[in-house]
Amino acid sequence: GSESNKSLTCTSEQLELSIGQLNDIKKTLEGKVKQLEKEISEEREKTKELTEINETHDKRNAMMDADLKTFKEEHLTTKNKEINEALTVIESLKISSRCREKR
C-alpha cells in the first residue's frame, strides 16, 4: 500500500505544481489583458481626437470654400459692373462723336 501512497503523493504534488503554474499563467494573462484594454482605450481616445480634428478641418474648409465662392461672385459682379459702365461710356462717346460729325 505504501507504494501506491507514494505515487499518489507524487501525483498530488505534481498537480499542486501544475495548479500553481496555471495560476501564474492566469495572472500573467490577466495582466496582459489589462494592459491591452488600457492601450485600446488610449487608441480610442486618440481616434476620437483625430476624428474631432478632421471634423473641425472639414468645417473650416467648407467655410473657406463658401468664402472663396462669395469672393469670386462679388469680384465678378464688380468686374461686370465696371465693364458695363465702360461700355456705356464708349457708347455715349460714339453717339456724341456722330452728333458732332452731322453738324
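Residues numbered from 1 in each chain as written. Predicted model: local features only at pLDDT ≥ 70, side-chain atom pairs only at ≥ 80, totals over all residues. Heavy atoms only, no water.

J.: What am I meant to see in the overall build of the chain here?
T.: What the chain contains, in helices and strands, is one helix and zero strands. The C-alpha atoms of the chain give 44 Å as radius of gyration, which overshoots the globular expectation for 103 residues (13 Å, by more than 25%). Dimensions along the principal axes, computed over C-alpha positions, put the chain at roughly 150 × 15 × 10 Å. If you sum the accessible surface of the chain, you get close to 9900 Å²; carbon and sulfur atoms cover 59% of it. (Helix = DSSP H or I, 4+ residues; strand = E, 2+ residues; numbered from the N terminus. Rg over C-alpha atoms; globule rule 2.2 N^0.38 Å. Areas by Shrake-Rupley, 256 points an atom, 1.4 Å probe, with all protein chains shown as cover.)

J.: For this particular structure, what's the right way to read the environment of Ala66?
T.: Relative to the helices and strands, Ala66 resides in helix α1 (residues 2-102). Since its relative accessible area comes to 39%, Ala66 is described here as partly exposed. (Buried < 20%, exposed > 50% of the residue type's maximum accessible area, 1.4 Å probe, protein only.)

J.: Just checking my understanding: could you explain a negative patch on the surface for this structure?
T.: A cluster of acidic residues, Glu45, Glu49, Glu52, Glu55 and Asp58, forms a negative patch at the surface. Inspection of the secondary structure assignment puts Glu52 in helix α1. Given a relative accessible area of 43%, Glu52 falls into the partly exposed group. (Patch = residues over 30% accessible without salt bridge, like charges linked within 9 Å, V, L, I, M, F, W, Y side chains within 5 Å. Salt bridge = Lys/Arg side-chain N within 4 Å of Asp/Glu carboxyl O. Lys, Arg positive; Asp, Glu negative; His and termini not counted. Charge placed at Lys NZ, Arg CZ, Asp CG, Glu CD.)

J.: Please clarify how a nonpolar patch on the surface should be interpreted in this entry.
T.: On the surface, a nonpolar cluster with roughly 300 Å² of combined accessible area is contributed by Leu22, Ile25 and Leu29. The residue Ile25 is located in helix α1 in this model.

J.: Please clarify how the pattern of salt bridges should be interpreted in this entry.
T.: Should their charged atoms come close, side chains of opposite charge can pair. Evaluated as defined, the whole model comprises five salt bridges. Between Glu73 and Lys69 there is a salt bridge whose closest N-O contact spans 3.9 Å. Taken together, the positions of Glu73 and Lys69, both in helix α1 and four residues apart, correspond to about one turn of that helix. Note on Glu73: relative accessible area 42%, which makes it partly exposed. Assessed through its relative accessible area of 54%, Lys69 is described here as exposed.

J.: Looking at this model, I keep getting lost on the environment of Arg60. Mind explaining?
T.: Relative to the assigned elements, Arg60 resides in helix α1. Separated by 15 residues in the primary sequence, Arg60 and His75 have C-alpha atoms spaced 22 Å apart.

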